[in-house]
Amino acid sequence: MNNVQLNIDYLPLSHLQNPLILEEVIYPDMYRNYYWSDDFSAEYYVAQARAGFIAVTEQFEGRELLIPEIQYSYALLDFEELHVSRKVRRLLAQKGLTIEISQDLDEVFEGINQRHQQSWFTPKYLDTLYRTMALLEDFHVVAVMVRDQGRVIAGEIGYMIGATYTSLSGFSSGERAYRNYGTAQLVLLGQYLQQEGFAFWNLGQPYMDYKLALGAKIHTRGAFLERWHEGIDLL
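Residues numbered from 1 in each chain as written. Predicted model: local features only at pLDDT ≥ 70, side-chain atom pairs only at ≥ 80, totals over all residues. Heavy atoms only, no water.

**Q** For this particular structure, what's the right way to read the packing of aromatic side chains?
**A** One pair of aromatic rings is described through two measures. These are the centre distance and the angle between the planes. Inspection of every chain in the model, using the stated rule, returns 14 aromatic pairs. Arranged with centres 6.2 Å apart and planes meeting at 90 degrees, the rings of Tyr45 and Tyr159 form a pair that is edge-to-face. Highlighted residues: Tyr45 in helix H4 (residues 42-50) and Tyr159 in strand E8 (residues 151-161), separated in sequence by 114 residues. Residue Tyr45 shares its accessibility class with Tyr159, and that shared class is buried. On the numbers, 5.6 Å between centres and 65 degrees between planes, the contact of Phe109 with Phe121 is edge-to-face. With a gap of 12 residues between them, Phe109 in helix H6 (residues 106-115) and Phe121 in the loop between H6 and helix H7 (123-132) connect regions that are remote in the sequence. According to the relative accessible area criterion, Phe121 is buried, its value standing at 0%. By the ring-pair criterion, three or more aromatic residues cluster together here, those being Tyr45, Phe109, Trp120, Phe121, Tyr125, Phe139 and Tyr159. Residue placement shows Lys124 over the ring face of Phe40; its charged tip is 4.4 Å from the ring centre. (Phe/Tyr/Trp six-rings, centres within 6.5 Å; stacked < 30°, edge-to-face > 60°. Helix = DSSP H or I, 4+ residues; strand = E, 2+ residues; numbered from the N terminus. Buried < 20%, exposed > 50% of the residue type's maximum accessible area, 1.4 Å probe, protein only. Lys NZ or Arg CZ within 6 Å of the ring centre and 35° of its normal.)

Structure, rendered in structure tokens:
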């Protein structure tokens, strides 16, 4: 397999571990955002995450590949900008909702794949996330959940590095009785992160309206990386 076939460049672990290549070649290249790798090791995953990439998966010629992206822009939430709508305030007050944070990812993984057909969040990707937990790294994968009568109604999976939190994927129930539970989960998570002293929340791609409605602001790649490298060395 080569770069011509995929039309994106292969990204080896050695490049992710080389600050000179990152800062002088990869980060300034605004013609490229996607890269590919067949390395699903925990070491590779943590390295690309620490470098500011957010990885998904893609099927290519019968093989599952990791697709790390160094985005052109990012949606970042500073917690003083967190917006809580009246509907969500009322829901939180009426239902007394709380979040559960766990390193057991299975229930949220199942919810994501039930709600999103052909999800990039595959069992192989999940296995990689679990294997990162064995590394002695400042890297913590978590599932964030809101339950009702024991059932996970809304949740997401993401990771914490230093004083940053990055969302990967999530879901909320489509049942009418649970309208706004997904937004409530996001609000409760934002409040938790603020209370715990996190610097900001990386919501990834900025084109989804709910992120801006939550209070996130769009940052260019350069502005993001400046804050990112400072944030991952805090806490």
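**Q** Looking at this structure, I do not really get the environment of His140. What am I missing?
**A** When you line up the elements, His140 lands in strand E7 (residues 140-148). His140 gets classed as partly exposed once you look at its relative accessible area, which sits at 37%. A C-alpha to C-alpha distance of 9.9 Å links His140 and Tyr130, two positions 10 residues apart in sequence. Once you skip the residues sitting within four places of it in the chain, His140 turns out to touch Gly158, Tyr159 and Met160. (Contact = heavy atoms within 4.5 Å.)

**Q** Can you walk me through the environment of Glu107 in this structure?
**A** Structurally, Glu107 is set in helix H6. Judged by its relative accessible area of 34%, Glu107 is partly exposed. Setting aside residues no more than four positions away along its own chain, Glu107 makes contact with Met145, Arg147 and Val152. Of note is the side chain of Glu107, whose polar atom sits 2.6 Å from the side chain of Arg147. (Polar contact = N/O pair within 3.5 Å; in protein donor to acceptor, adjacent residues only side chain to side chain.)

**Q** Got a minute to help me understand a negative patch on the surface in this structure?
**A** A surface patch of like charges, here negative, comprises Glu43, Glu137, Asp138, Glu226, Glu230 and Asp233. Here Glu137 is to be found in the loop between H7 and E7. Residue classification places Glu137 among the partly exposed positions, given a relative accessible area of 37%. (Patch = residues over 30% accessible without salt bridge, like charges linked within 9 Å, V, L, I, M, F, W, Y side chains within 5 Å. Areas by Shrake-Rupley, 256 points an atom, 1.4 Å probe, with all protein chains shown as cover. Salt bridge = Lys/Arg side-chain N within 4 Å of Asp/Glu carboxyl O. Lys, Arg positive; Asp, Glu negative; His and termini not counted. Charge placed at Lys NZ, Arg CZ, Asp CG, Glu CD.)

**Q** Is there a simple way to think about the pattern of salt bridges in this case?
**A** Side-chain pairs of opposite charge can arise whenever the charged atoms involved come near each other. The final tally for this structure, using the stated rule, is 9 salt bridges. A salt bridge links Arg227 to Asp78; its shortest N-O distance comes to 2.6 Å. Residue Arg227 is located in helix H10 (residues 221-231), and its partner Asp78 is located in the loop between strand E5 (73-77) and helix H5 (86-95); the two are separated by 149 residues in the primary sequence. Within this structure, Asp9, Asp29 and Arg32 form a network of salt bridges that share partners.

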